[in-house]
Structure formats: C-alpha cells, structure tokens
Amino acid sequence: MKEGNRVMLFDTHAHLDDDRFHEDRKQVLEQCKAEGIELILNAASDMKTCHSSIALAEEYDFIYASVGIHPHDAKSMDNKTIDILSGLAANSKVKAIGEIGLDYHYDFSPRDVQKQRFMEQIDLAMQLKLPIIVHDRESHGDIMEIFKKMNVKNMGGVLHSFSGSVEMARECLKLGFYLSISGPITFKNNVKTVEVVREIPLDMLLIETDSPYLTPVPYRGQRNYPGYVRYVAEKIAEIKGIAFDEVAQKTFENGKRLFGI
Ligand code: NI
C-alpha cells in the first residue's frame, strides 16, 4: 500500500502497552507514524492488558486492539472471564480475540487448563464473529487437534509468530488461517520458517514485531518496536525474490482483510 512514494506497513502484533515503553511510548508511536507504520494491532494477554490495549487504541487512530487471555494466564480465568471479555469486545476498536492458545515451553498454566480456556475463547470468538490470534509454542500437535475439534474452518484467524513446519502451515491454510511472520525469520539457521515463507502464498502471510520481544537482526537483543517490522518484510521479499513494496502492500491488505479494518 502506498501513499505518494511512502510505503505503508501493518504491524499485526505488538504489545505497546508493555512497561518497556513506559518512558517513551508517545515518541515511539510518533516515530512509527513517521516511518510508515500505518496500522498496528496491539494484542492483549491478560485482563490488565485487555484494558490497556483498548485504552491505547482509543487514544491513537492507527492502533487497534484484541482482547483475550494468553495460555500463561489461563489459570487466572474463572467462570466470569468469558463474559468480561465479551463485554470488552463490544468496543469498536477491538478486532480479534487473542492472544490465546497453548504454550508448552513454559507451562505456566497446567496443560489441561490451557486447552480448556483456549477452547472457551475460540467459542467466544465464533459467537462474536471475530478472528482469533493464536499463540502456539511447542504445542503444534494439540493446536491442530483443537482446531479440528472446534471446527474452526473459515472462522478467521492467524497463527502469530508462526514456528511450525510447512506441513502444518498447509493444514492451517486449508482452515483459512493466516500465518504471521516475526523477527526470528531474520535469525541465522531459521531454516524451517524460511521454507514456510518460500512455500506459502503471500496472500496468506502477515508481518509482525511482537514488540518489545523478538527483535529482528540487525537489532537483535535490543527492545523491539513496530518500525522494525520492515526487516521482516525485507526478509520475506528476499526469500520470495519479490519487491519489498509488494510484500508491504500485500501484507497490509491481508491484515486489513483478516481484522475487518
Ligand atoms: Ni505477543
């Protein structure tokens, strides 16, 4: 997407309400705007960040929000949580339920609790006709099993910071899910995700930073921010042998299509 000769980018997953932006959030967001970051989806991960994501989206035109409980915090959910999320999702700046899913790397919540709360939030998204933002860390098999069980085909969603195989990517595509590519695509030895990017049509890819996490090369180790999403787009362009502008434009349109913006 271009405006004059300015390339427009959509960072489809960031946490700008994170404490690491406490000191300079306003300047960072002004810088994003100046650098062509035209849209940002700020993802929630617990009840506190549901509220702070919405607050940020209400303050800035170019920021949208999601509401949802991350698997790390699945154990904090009770029988009122779904109703609260449902109420928050009525805000017109809320465009998705997320991030939700499974995390078997940290196992901060028991796995059966993670699965149960993931399914409940998928069900909520279906009722509200909102797409889901899925967090999947070392839990590929169970994610696909739940997708099957919940019959998620064509409900709309994205596997954020996709880390699965080409085979899994193809299965997700059949269900109508987008795959979001993040900073680790720029890391040396990330053969698996490079192969995914090569094989999956640009129509089904999104780009994200997951700021302040997952900073791409050449800034790996520093705090991430949405401006660095261009390094992800550049890497995709390089892998696919296409122009950077085409990656920027297509992923921008893809994100708008998925989130109904
Ligand atoms: Ni995230």
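Not measured: the values here are computed from a predicted model. (Residues numbered from 1 in each chain as written. Predicted model: local features only at pLDDT ≥ 70, side-chain atom pairs only at ≥ 80, totals over all residues. Heavy atoms only, no water.)

> Please give an account of the coordination of the nickel ion that cites residues and values.
By definition of the ideal shapes, a tetrahedral metal site with four donors has angles of 109.5 degrees and an octahedral site with six donors has angles of 90 or 180 degrees. Coordination sphere of the nickel ion, protein contribution only: His13 (NE2), His15 (NE2), Glu99 (OE) and Asp210 (OD), at 2.1 to 2.3 Å. Relative to the metal, the 4 donor atoms surrounding the nickel ion lie at angles of 84 to 171°, and the coordination shape comes out irregular. (Donors = N, O, S within 2.8 Å, 3.2 Å for Na, K, Ca; no water. Tetrahedral: all angles 85-135°; square planar, octahedral: opposite > 155°, others 65-115°.)

> I'd love a proper account of the pattern of salt bridges, names of residues and values included.
Taken as a whole, this structure holds 9 salt bridges when the rule is applied. In this structure, the salt-bridge partner of Arg223 is Asp24, at a minimum N-O distance of 2.9 Å. One end of the pair, Arg223, is in the loop between β10 (205-207) and α8 (229-240); the other, Asp24, is in the loop between β3 (9-14) and α1 (25-34), with 199 residues separating them in the sequence. Classification of Arg223 as partly exposed rests on a relative accessible area of 26%. (Salt bridge = Lys/Arg side-chain N within 4 Å of Asp/Glu carboxyl O. Helix = DSSP H or I, 4+ residues; strand = E, 2+ residues; numbered from the N terminus. Buried < 20%, exposed > 50% of the residue type's maximum accessible area, 1.4 Å probe, protein only.)

> Account for helix α3 (residues 81-88), naming residues and giving values.
Of all the residues in α3, the buried ones are Thr81, Leu85 and Leu88. Down the axis of α3, the buried side of the element spans an arc of 60°, and every buried residue falls inside it. Of the surrounding elements, those touching the buried residues of α3 are α2 (47-59), β5 (63-67), β6 (94-103) and α4 (111-128). (Arc of directions from axis to C-beta. Contact = heavy atoms within 4.5 Å.)

> An account of the nonpolar core is needed here, citing residue identities and associated values.
Generally speaking, a soluble globular protein has its nonpolar side chains buried in company with each other. Of all hydrophobic cores here, the largest spans 88 residues; its most connected members are Ile132, Phe147, Leu159 and Phe177. Sequence-distant contacts of Phe177, defined by excluding residues within four places in its chain, comprise Ile132, Val134, Phe147, Val152, Met155, Gly156, Gly157, Val158, Leu159, Cys172 and Met204. (Core = buried A, V, L, I, M, F, W, Y, C linked by side-chain atoms within 4.5 Å.)

> Which residues make up the packing of helix α6 (residues 166-174) against helix α7 (residues 191-199), and what are the values?
At their nearest, the axes of α6 and α7 sit 9 Å apart, and the two run at 40° to each other. By the angle class used here, α6 and α7 are oblique. Viewed along their axes, α6 and α7 form a crossing whose handedness is right-handed. Here Val166, Ala169 and Arg170 of α6 come into contact with α7, specifically with Glu195, Val196 and Glu199. Of the residues belonging to the contact of α6 with α7, the class tally is 3 nonpolar, no polar and 3 charged. (Axes fitted to C-alpha atoms, helices over the stretch in contact; angles between N-to-C directions. Parallel < 35°, antiparallel > 145°, perpendicular 65-115°, else oblique. Left-handed = near helix turned anticlockwise from the far one by under 90°. Nonpolar A, V, L, I, M, F, W, Y, C, P; charged D, E, K, R; others polar.)

> An account of the environment of Val113 is needed here, citing residue identities and associated values.
By the secondary structure assignment, Val113 is in helix α4. Remark: the alpha-carbon pair of Val113 and Cys50, spanning 63 residues in sequence, is separated by 20 Å. Contacts of Val113, omitting those with residues within four sequence positions, involve Ala74 and Lys75.

> Quick rundown of the packing of aromatic side chains? Include the residues and the values.
The final tally for this structure, using the stated rule, is 9 aromatic pairs. Here the aromatic rings of Tyr60 and Phe62 are separated by 6.2 Å at their centres, their planes lie at 85°, and the arrangement is edge-to-face. The two residues Tyr60 and Phe62 agree in class, both being buried. Here the aromatic cluster, defined as three or more aromatic residues joined through ring pairs, consists of Tyr219, Tyr225, Tyr228 and Tyr231. (Phe/Tyr/Trp six-rings, centres within 6.5 Å; stacked < 30°, edge-to-face > 60°.)

> Give a detailed account of the environment of Ile122, specifying residues and quantitative values.
Looking at the element boundaries, Ile122 is found in helix α4. Note on Ile122: relative accessible area 0%, which makes it buried. Once the C-alpha coordinates of Ile122 and Asn151 are considered, the two residues, 29 residues apart in sequence, prove to be 9.9 Å apart. When residues no more than four places from it in sequence are discounted, the contact partners of Ile122 are Ile100, Ile132, Ile146, Met150, Val152 and Met155.

> Can you lay out the environment of Ala90 for me, pointing to particular residues and giving the numbers?
Tracing the backbone through its elements, the reader meets Ala90 in the loop between α3 and β6. On the basis of relative accessible area, Ala90 is assigned to the exposed category, the value being 64%. Along the chain, Ala90 and Leu128 lie 38 residues apart, while their C-alpha atoms are 8.8 Å from each other.

> So, the sheet that holds β5: which residues are in play, and what are the values?
Spatially, 8 strands are ordered β3-β4-β5-β6-β7-β8-β9-β10 in an open sheet, and the strand pairing comes out parallel. Across the chains shown, the open sheet's two edge strands, defined by having one partner strand only, are β3 and β10. Direction aside, the axes of adjacent strands within the sheet are offset by 30° on average. Looking at chain direction, strand β8 (residues 157-159) and strand β9 (residues 177-181) are connected through 3 bridges and run parallel. Looking at β9, one finds that Leu159 is bridged to Leu179. Sitting on the sheet, helix α5 (residues 140-150) touches β6, β7 (132-137), β8 and β9, and the angle it makes with β7 is about 145°. Strand contacts of helix α9 (residues 244-259): β3, β4 (37-42), β6, β7, β8, β9 and β10, with the helix running at about 55° to β3, the strand carrying the most contacts. (Pairing = 2+ DSSP bridges.)

> Residue-level account of the packing of α7 against α8, with values.
Put simply, α7 and α8 touch, their axes get as near as 9 Å, and they point 70° apart. Judged by the angle between their axes, α7 and α8 are roughly perpendicular. Here α7 and α8 pass one another in a crossing that is right-handed. Contacts from Val194, Val197 and Arg198 in α7 reach Ile236, Ile239 and Lys240 in α8. The residue makeup of the contact of α7 with α8, split by class, is 4 nonpolar, no polar and 2 charged.

By themselves, these figures tell us nothing about what the structure is for.
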